[in-house]
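Here is how the chains run, residue by residue.
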Amino acid sequence: MNAAYRLIAHTADAGMQVTAADPRSLFTEAGLALAGLLAAATHPCEGRVCQVALEGADWTDLMVNWLRELLYLFNGRERLVREIVILHLEARRIEARLACDHFDPCRHAAGPEIKAVTYHQARVSHDTAGWTARIIFDL
Amino acid sequence: MDIRQIDAFRWEIPRSGKMRVPGRVYLSAALLDDLRQDEAMQQVVNVASLPGIVGASLAMPDMHWGYGFPIGGVAAFDWEEGVVSPGGVGYDINCGVRLATTALCENEVRPRLEALADALYRHIPCGVGSTGSIRLSPAEEKVVLRQGSRWAVARGLGVEEDLARTEDGGCMPGADADAVGDRALERGRKQLGTLGSGNHFVEVGVVEAIYDEAVAQAFGLFPSQVTVMLHSGSRGFGYQVCDDFLAEMGRQVHQTGVELPDRQLACAPIQSSLGRRYLAAMACAANYAWANRQILMHRCREVLGQVFGKGPAALDMRLLYDVCHNIAKAETHTLEGRPRRVCVHRKGATRAFAPGRGELGDDFRSVGQPVIIPGDMGTASYVLVGTEGAMKETFGSTCHGAGRVLSRTAAKKKSRGRAIYRELADRGIQVRWTGRETLAEEMPEAYKDVAQVVDVVHGAGISRKVARLRPMAVVKG
């Protein structure tokens, strides 16, 4: 996989810009980047597997919905995503298998509380150089 | 952008393009300079384009770049023709502040300050993923959502007087749990009675200056008095309500023909089924937040009683007031000489009603609403009082805090190599915290000077200074 992300400074909140060669790498890297912001883990993945299937109106909406789902798994189900396998991906639909840890504040170093993935300035774009996603989180 | 100065504290963005009303912001020249690199002004313009907005798209002096609406934004929409926007309320629905006074003086507390900070940290659940000692059954959760603070007081977690000193009596009407999604309900069952993280805090402070003797006396404030301030909200319950409705409104907004300059401004007509459902779910979250702050304050009462060996009468820890600063409310205001029902969105802004408003209850109807303005953890906080100026200009609204000036990334960079807790301790402030980067992100320099912010709202006459509080101990998530 050839992908990378950098954090975007925002006065009250925070965001990230992810770049990748293709959409599968983009969605994988964006998901893992979000997980890395939520909490740091140094031990091997516990391997609690779950599967998600999501839809969106376009690539941007799909990316927001994807990250919203991963954030919900963390905030609502205490599941920290460690590994992602994209099973199916097109502009309006994603299916993925996730391997997760049960979030434990004693074993995982929690990052800042991310309340939500916003639509504010959200964008997925692509050109000959590759794919880019820009997302702002509400902290 | 065309920004015209009206006077020392008021600036107008004249109507242009798709703006339905002008923008008006309350700033000093110095605070305006801080916003040059920020998108907050454009967000004031964007809000001015939403259907049914009346008066002006407003922003308070603690304004900064938000998402959709600016933080510090106030916008009122006609109750019949206008829209409601979850982004105009924010994810943390009814995030707010409450301030309690005590009979303790600084010289009694100072010798035991470290023990007090430790005890508060032990007894107030805080930090990412924290859960409280209260576990709600699905049926009991719905009672909380309907009753708000009343639920807590009925279970011995507070006293009746607390309700009279909470905005809306701690219970927003119209709450309907059937409007709330399963995910929000699930998240709400385990987080009641928790502080949260980030900028949420418990702060023990001391009254260090009084600006208005008569109002301070009516509020029960005196020099050297020890106070307890709480900043928290509706926790994951509120975040999920906002998230669910933003997504739903985003999918449906094209049906209303509304062109949005920012998808985060997704909205629905107030009188539509979706708009009404959001308001019913938002009221549930508002009530959850009030119950949450009520429980947290009760825990603080218990801790102070234990640490200082005083019973409730001797401690005399009384709620001064609880204000929400992320909310949309149905209110009646005078516009062009006529009363008009509007839905006032306050996102990072505080209600500041003048004397005479019926909503204030017996304790404050003759003096005006107490307004609680927290600053950063190293400087000061303020108590203000609502004024007629706010009723005339800002739909009875004022600022909500210092407002950030540094991004979290910039704050972390600035804190490198420094021990923020030690710097604060050297200034007499004990800090306890949970998150690995909380102190760096929340360092005093990350915020505007709250005194400058308060001077603007005081100078503009949209609220008036009553007292300044200095922090002594702070607990953060």
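In the block above lies the structure referred to throughout.
To start, this report covers the structure provided alongside it. (Residues numbered from 1 in each chain as written. Chains lettered and ligands numbered in written order. Predicted model: local features only at pLDDT ≥ 70, side-chain atom pairs only at ≥ 80, totals over all residues. Heavy atoms only, no water.)

### Description of helix α2 (residues 40-47) of chain B
Residues and elements named next belong to chain B. Summarising burial for α2: 7 of the 8 residues are buried, a large majority. Buried within α2 are the following residues: Ala40, Met41, Gln43, Val44, Val45, Asn46 and Val47. Summarising the contacts, the buried residues of α2 are in contact with β2 (10-13), β3 (23-26), α1 (29-34), β4 (53-67) and β5 (69-78). (Buried < 20%, exposed > 50% of the residue type's maximum accessible area, 1.4 Å probe, protein only. Helix = DSSP H or I, 4+ residues; strand = E, 2+ residues; numbered from the N terminus. Contact = heavy atoms within 4.5 Å.)

### Some points on the sheet that holds strand β13 (residues 338-347) of chain B
Residues and elements named next belong to chain B. Strands sit in the order β1-β2-β3-β4-β5-β13-β12 across an open sheet of 7 strands; the sheet is mixed. Looking at strand neighbours, the two that pair on one side only are β1 (4-5) and β12 (326-335), the edges of this open sheet. The pairing of β4 with β5 spans 6 bridges and is antiparallel. Each bridged residue has a counterpart across the sheet, and for His64 the counterpart in β5 is Ile71. Here α2 sits on the sheet in contact with β2, β3, β4 and β5, set at roughly 155 degrees to β4. (Pairing = 2+ DSSP bridges. Axes fitted to C-alpha atoms, helices over the stretch in contact; angles between N-to-C directions.)

### A few points about the pattern of salt bridges
With the rule as written, the count across this model stands at 47 salt bridges over all chains. Of the charged contacts, one joins Arg235 of chain B and Glu113 of chain A as a salt bridge, the two residues approaching to 3.4 Å between their closest N and O atoms. Taken together, the positions of Arg235 of chain B in helix α10 (residues 235-252) and Glu113 of chain A in the loop between β7 (109-110) and β8 (116-117) put the pair across two chains. Among the residues examined, Arg235 of chain B registers a relative accessible area of 0% and is labelled buried. Close ionic contact of Glu442 of chain B with Lys476 of chain B constitutes a salt bridge, the shortest N to O distance being 3.2 Å. On the criterion of sequence distance, the pair formed by Glu442 of chain B in the loop between α17 (438-441) and α18 (450-460) and Lys476 of chain B in strand β19 (residues 464-476) is long-range, its members being 34 residues apart. The same class applies to Glu442 of chain B as to Lys476 of chain B, namely buried. Salt bridges sharing common partners tie together Arg404, Arg408, Lys412, Glu437, Glu441, Glu442 and Lys476 of chain B. (Salt bridge = Lys/Arg side-chain N within 4 Å of Asp/Glu carboxyl O.)

### Quick notes on the sheet that holds strand β5 (residues 79-90) of chain A
For sheets, the rule is that strands pair by backbone hydrogen bonds, running either parallel or antiparallel. All names here are of chain A. Sheet architecture is open: 3 strands sit in the order β4-β6-β5, paired in antiparallel fashion. Of all strands in the sheet, those with a lone pairing partner are β4 (48-55) and β5, marking the two edges. Recorded for the sheet is a direction-independent mean angle of 20 degrees between the axes of neighbouring strands. Contacting β5 and β6 (93-102), helix α1 (residues 23-38) runs over the sheet at an angle of about 165 degrees to β5. Set on the sheet, helix α2 (residues 59-77) makes contact with β4, β5 and β6; between it and β5 the angle comes to about 150 degrees.

### Digging into the side chain of Arg301 of chain B
Take Arg301 of chain B: it is sitting in helix α11 (residues 273-308). At a separation of 2.9 Å, a polar atom in the side chain of Arg301 of chain B contacts the side chain of Asp162 of chain B. (Polar contact = N/O pair within 3.5 Å; in protein donor to acceptor, adjacent residues only side chain to side chain.)

### Thoughts on the pairing of strand β15 (residues 370-373) of chain B
Residues and elements named next belong to chain B. Both faces of β15 are covered, namely the face carrying Pro370 and Ile372 and the face carrying Val371 and Ile373. With 4 bridges joining them, β15 and strand β16 (residues 381-385) adopt antiparallel strand pairing. Within the sheet, the bridge partner assigned to Val371 lies in β16 and is Leu384.

### Some remarks on the environment of Ala14 of chain A
All names here are of chain A. Along the chain, Ala14 falls in strand β2 (residues 14-20). With 125 residues separating them in the primary sequence, Ala14 and Leu139 have C-alpha atoms 7.0 Å apart. If near-sequence neighbours (up to four positions away) are discounted, Ala14 is found in contact with Ile8, Ile135, Ile136, Phe137 and Leu139.

### Considerations on the nonpolar core
Counting 139 residues, the largest nonpolar core has Trp151, Phe219 and Phe237 of chain B as its most contacted members. Ranked by residue count, the leading element in this core is α11 of chain B, at 14 residues. Among the nonpolar cores identified, the runner-up in size contains 48 residues, and Val18, Val52, Ile84 and Leu89 of chain A belong to it. (Core = buried A, V, L, I, M, F, W, Y, C linked by side-chain atoms within 4.5 Å.)

### Here we look at the interface of chain B and chain A
In this assembly, 35 residues from chain B lie in contact with 32 residues from chain A. Among the residues of chain B in contact with chain A, Trp65, Val128 and Arg436 of chain B are the three that bury the most area, contributing 22% of the side total. Between chain B and chain A we count 6 salt bridges in total. Measuring nitrogen to oxygen at the nearest pair gives 3.2 Å for the salt bridge that ties Arg263 of chain B to Asp61 of chain A. On inspection of chain B and its partner chain A, the count reaches 16 residue pairs in polar contact (both at pLDDT 80 or more). If you list the elements that add at least two residues to the side of chain B that touches chain A, you get β4, α8 (182-188), α10 and α15 (408-415) of chain B. The dominant element in the side of chain B that touches chain A, judged by the number of residues it contributes, is α10 of chain B, at 6 residues. (Buried area = accessible area lost by both parts, 1.4 Å probe.)

### Re the environment of Pro374 of chain B
Residue and element names in this part refer to chain B. Tracing the chain through its elements places Pro374 in the loop between β15 and β16. Remark: the alpha-carbon pair of Pro374 and Glu203, spanning 171 residues in sequence, is separated by 9.4 Å. The contacts of Pro374, once residues within four sequence positions are left out, are Val97, Phe201, Met229, Ala380, Ser381, His400, Gly401, Ala402 and Val450.

### Points about the packing of helix α5 (residues 138-147) of chain B against α11 of chain B
Residues and elements named next belong to chain B. Closest axis-to-axis distance for the α5/α11 pair is 6 Å, and the angle between their directions is 95 degrees. With respect to α11, the element α5 is oriented roughly perpendicular. Residues Val144, Leu145 and Arg146 of α5 touch α11, and the partners they reach there are Ala283, Cys284, Asn287, Tyr288 and Ala291. Classifying every residue of the contact of α5 with α11 gives 6 nonpolar, 1 polar and 1 charged. (Parallel < 35°, antiparallel > 145°, perpendicular 65-115°, else oblique. Nonpolar A, V, L, I, M, F, W, Y, C, P; charged D, E, K, R; others polar.)

### Some remarks on the pairing of β4 of chain B
Counting buried positions along β4 of chain B yields 14 of 15 residues, so the element is predominantly enclosed. Linking β4 of chain B back to β5 of chain B in an antiparallel pair, the connection comprises 1 residue, with Gly68 of chain B at a positive phi of about 80 degrees.

### Here we look at the packing of aromatic side chains
Tallying each qualifying case throughout the model produces 10 aromatic pairs over all chains. Seen from their ring centres, Tyr321 of chain B and Phe364 of chain B are 5.5 Å apart, and the 85 degrees between their planes marks the pair as edge-to-face. Of this pair, Tyr321 of chain B sits in strand β11 (residues 318-324) while Phe364 of chain B sits in helix α13 (residues 361-364), placing them 43 residues apart in sequence. Across the pair, exposure class does not vary: Tyr321 of chain B and Phe364 of chain B are buried alike. Taken together, the ring pairs connect Phe27, Trp59 and Trp131 of chain A into an aromatic cluster. One residue, Arg183 of chain B, lies across the ring of Tyr72 of chain A, its end atom 3.7 Å from the ring centre. The ring of Tyr447 of chain B is capped by Arg404 of chain B, whose NZ or CZ atom sits 5.2 Å from the centre of that ring. (Phe/Tyr/Trp six-rings, centres within 6.5 Å; stacked < 30°, edge-to-face > 60°. Lys NZ or Arg CZ within 6 Å of the ring centre and 35° of its normal.)

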